[in-house]
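As a plain string of letters, each chain reads:
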Amino acid sequence: MSREIITIVDLKRDFIMGPETVHALKGISFTVKEGEFVTIMGSSGSGKSVLLHILGCLDRPTSGIYELDGLNVKDLCKDELATIRNEKIGFIFQSYNLLARTSAIENVELPLLYSNKVSSAEQRERAIEALERVGLGNRLHHTPGQLSGGQQQRIAIARSLINNPVIILADEATGNLDTRNSYEIMALFQKLNKQGITIIFVTHEPDIASFSSRTIVLRDGLVIQNDKNSNILSAEDELAKLPKQDAML
Amino acid sequence: MKLLKLFKIAFKAVILNKLRTLLTMLGIIIGVASVIAMLAIGEGSKESIRASITSMGSNMISIQPGADVRGGVRRSRTEMQSLTLKDYEAIKEKASLLSYVTPSVDGGGQVINGSNNWPSTIYGVNPDYLSIRVWDLQSGSMFTDADVKSAGKVAVIGKTIVDNVFLEGIDPVGQMIRFNNIPFKVIGVLEEKGENTSGLDQDDVVIAPYTTVQKRILAIDYLREIIASAVSEDEAQNAVTEVSGILRVQHKLAENEDDDFHVRSMDELISTSSSTSEMLTILLVAVASISLLIGGIGIMNIMYVSVKERTKEIGLRMAVGGKGSDILMQFLIEAILISITGGLLGVILGLGSTVFIEKFLHWPTSVSLYSIVISFAVCAVTGIFFGWYPARKASALDPITALRYE
Ligand SMILES: Nc1ncnc2c1ncn2[C@@H]1O[C@H](COP(=O)(O)OP(=O)(O)OP(=O)(O)O)[C@@H](O)[C@H]1O
Ligand SMILES: [Mg+2]
């Protein structure tokens, strides 16, 4: 069987805000196997983003164990974490986090700037390819300020794909897209997943969750549900079922 | 390759924020330029004061007849006859701290050449005179000891005389002039000196052997003055003491009698004027330091704010795999680019305004290498440090903390 790529045990994250302490994660445990497509759901403020940041090695847990690909993240130094983020993880932020006044192509290239393995020419090629994959082949030189929210979100998605990650962590990656666009993105994710990339996808929408193989539900910093999905829908098929765009007009 | 990439990122950031870059640079440019210009003015005036003192002969010692008594009845110097050639000979023979000595007599009169005439002063001296005054000849030669011995009717004249009694284009050397109707052959022309610090035209002189002036023009046998130069500026004061001693013996003055002569070195003048120029320089250095400090604070401020403002960007760069060292390197390159470019522009502006001050305000200036080095270094170091330090702080944060920074 496929091995476990993520193992977390009793993960806690507290935020100390002056006299108060916010317990964002109160002890979360689960495992994700290589090649899984997991969605994380839960109401606003339940701790989804906080959890995903920890999984993405952007933040550290207050306590608990996090093993990524057999490595105990706690033991890794900052530079090792940076290398992991650079080479293994594709992260899509809820708030996009694009560089202002910087073209789409340069935003997408960003992770490769910090990689020793890719030449400038290849970097550009891969950025264009990634943007074409998310349907922005005609917006290469637009800056975030000149693009819609959904287009910015797709740049963020393209950026997460550029380093050919083994795991993609997406925080509401379709939150700003209409049904057709989000299904297209889900079809892309399903295709990447078929190629063996592990995907953890945070979402509010149940129909998005139905494209994944498992759904974990959080509430108040705890896991309240962790179920395999018996009926995985194909985003490609659902896309075909949607009424034609002309018909919507 | 990574360094090249980082350089590109840094260069882009500099280009992308033109206004910010310009403002930062402006602080550096003005800081560097003002220090260079200030110090150039300070150094320039110091040098010009020093030069004008040296041009008067900084080692010069003057011996005049008459006691230096204030309040008592003093006869005018010209009436006194207590300074004689014997005194001169005694000084010349016995004084060990003097390098040159000359007797001096002077008198006013008309310089005439053809139909031109000009009122001037004739100085009767020996050939040492030029060395004492540190004057040079522009053409011709100085008269010799033989001319002095024979009371030769030869003269060396200043530029003002040349301009006023000779037609343009005529070489005065070899020509005849008359001073108070006594004919002199012009054998040399003095280099132009301009006015001295008290506004006296130093080129309005006729110099001839003192014997000639004594006998043929003034008809006297005493001296108006003995002028000497000490072996060095440091020895000037000792030379004054030595000469006084010699003259007291020469004049057979008893223990309780006051001097009947007055020996002065240029010391007083030198000390006052050099302290003035010292003070001016200190003042200018103070002003320059303040402007450099203000420039430095401006650089700190803008660098600090601009890095703070980009904490989110730093967070993102780290989130996609930038290491702390990459981020630091990027900001360091950026700071170096801005600081060095600003510093160079500052040097150019500083040198330019110095030239402007010299050309259009006619202030003496002198650019010193150390002012360039110091101001450039201070600005570059401040710029680099304050570009680097906040970036270092930001890059020590967890990426998500930096990303959340508002
Ligand atoms: N840096 C922080 N400092 C203090 N509290 C924080 C911080 N980050 C998150 N929290 C708190 O942790 C809790 C969980 O936040 P989180 O962002 O994970 O919610 P979420 O599930 O992603 O919500 P949403 O669906 O609205 O994005 C919230 O109560 C939030 O206030
Ligand atoms: Mg969230």
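What you see is a predicted model, and the numbers here were worked out from it, not measured in a lab.

Engineer: Explain the coordination of the magnesium ion (ligand 2) here, please?
Structural biologist: Each angle at a metal carrying four tetrahedral donors should ideally be 109.5 degrees, and each at a metal carrying six octahedral donors should ideally be 90 or 180 degrees. All names here are of chain A. Note on the magnesium ion (ligand 2): its protein donors are Ser-49 (OG) and Gln-94 (OE1). The metal-donor distances range over 1.9 to 2.3 Å. On the criterion of sequence distance, the pair formed by Ser-49 in helix α1 (residues 48-55) and Gln-94 in the loop between β6 (89-92) and α3 (104-113) is long-range, its members being 45 residues apart. Using a relative accessible area of 17% as the deciding quantity, one classes Ser-49 as buried.

Engineer: What is the right way to look at unusual backbone geometry in this model?
Structural biologist: As a rule of thumb, non-glycine residues mostly have phi less than zero, and peptide bonds are mostly trans rather than cis. In the Ramachandran plot, Arg-101 of chain A falls in the positive-phi region, its phi being about 55° despite a non-glycine side chain. Mapping Arg-101 of chain A onto the fold places it in the loop between β6 and α3. One non-glycine residue, Ala-219 of chain B, lies in the positive phi region at around 55°. Structurally, Ala-219 of chain B can be placed in the loop between α7 (210-218) and β9 (225-230).

Engineer: Whenever I open this one, the packing of aromatic side chains confuses me. Can you help?
Structural biologist: Aromatic ring pairs are described here by two measures, namely the spacing of the ring centres and the angle between the planes. Within this structure, the stated rule accounts for 11 aromatic pairs over all chains. Geometrically, the ring pair formed by Phe-189 of chain A and Phe-201 of chain A is edge-to-face, given 5.4 Å between the ring centres and 75° between the ring planes. Taken together, the residues span a long stretch of sequence, with Phe-189 of chain A in helix α6 (residues 179-194) and Phe-201 of chain A in strand β8 (residues 198-202) at a distance of 12 residues. Phe-201 of chain A sits in the buried class, given a relative accessible area of 0%. With a centroid separation of 5.0 Å and 85° between ring planes, the pair formed by Phe-385 of chain B and Phe-386 of chain B is classed as edge-to-face. The class for Phe-385 of chain B is partly exposed, based on a relative accessible area of 36%. Under the relative-accessibility criterion, Phe-386 of chain B is labelled buried at 18%.

Engineer: In this structure, what is going on with the packing of helix α5 (residues 149-161) of chain A against α6 of chain A? I would like to understand it.
Structural biologist: When two helices pack together, you describe them by how their axes are tilted relative to each other and by the distance separating the axes. All names here are of chain A. At a minimum axis distance of 12 Å, the contact between α5 and α6 shows a crossing angle of 5°. Regarding the angle of α5 to α6, the classification is roughly parallel. Across from Arg-154, Ile-157 and Leu-161 in α5, the residues of α6 making contact are Asn-181, Ile-185, Leu-188, Phe-189 and Leu-192. When the residues that make up the contact of α5 with α6 are grouped by side-chain class, the tally is 6 nonpolar, 1 polar and 1 charged.

Engineer: Honestly, the pairing of strand β3 (residues 116-125) of chain B in this entry has me stumped. Any pointers?
Structural biologist: The two faces of the sheet receive side chains in turn, since in a regular strand these alternate between them. Residues and elements named next belong to chain B. Looking at chain direction, strand β2 (residues 98-113) and β3 are connected through 9 bridges and run antiparallel. Looking at the pairing, Asn-113 lines up with Asn-116 of β3. Turn length for the β2-β3 hairpin, with the two strands adjacent in sequence and antiparallel, is 2 residues, and the turn residue Gly-114 shows positive phi of about 60°. Pairing of β3 with strand β8 (residues 205-209), which is carried by 5 bridges, proceeds in the parallel orientation. Paired with Val-125 across the bridge in β8 is Pro-209.

Engineer: Even after reading the chapter, I still don't get empty space enclosed by the protein, so can you show me in this structure?
Structural biologist: Over the atoms, a rolling probe the size of a water molecule traces out where space has been left empty. Within this structure, the stated rule accounts for 2 cavities of 30 Å³ or more. There is about 120 Å³ of room inside the largest cavity. As for the largest cavity, its lining consists of 13 residues, of which Ile-89, Gly-90 and Phe-91 of chain A together with Ala-319 and Val-320 of chain B are closest to the centre. Secondary-structure elements contributing two or more residues to the lining of the largest cavity are β6 and α5 of chain A.

Criteria and cut-off values
Residues numbered from 1 in each chain as written. Chains lettered and ligands numbered in written order. Predicted model: local features only at pLDDT ≥ 70, side-chain atom pairs only at ≥ 80, totals over all residues. Heavy atoms only, no water. Donors = N, O, S within 2.8 Å, 3.2 Å for Na, K, Ca; no water. Helix = DSSP H or I, 4+ residues; strand = E, 2+ residues; numbered from the N terminus. Buried < 20%, exposed > 50% of the residue type's maximum accessible area, 1.4 Å probe, protein only. Phe/Tyr/Trp six-rings, centres within 6.5 Å; stacked < 30°, edge-to-face > 60°. Axes fitted to C-alpha atoms, helices over the stretch in contact; angles between N-to-C directions. Parallel < 35°, antiparallel > 145°, perpendicular 65-115°, else oblique. Contact = heavy atoms within 4.5 Å. Nonpolar A, V, L, I, M, F, W, Y, C, P; charged D, E, K, R; others polar. Pairing = 2+ DSSP bridges. 1 Å grid on protein atoms, 1.4 Å probe; cavity = no way out; pocket = protein on both sides within 12 Å on 5 of 7 lines; lining within 4 Å. Points joined across faces, edges and corners; volume = space filled by probe spheres on them.

These values are about where atoms sit, not about what they do.
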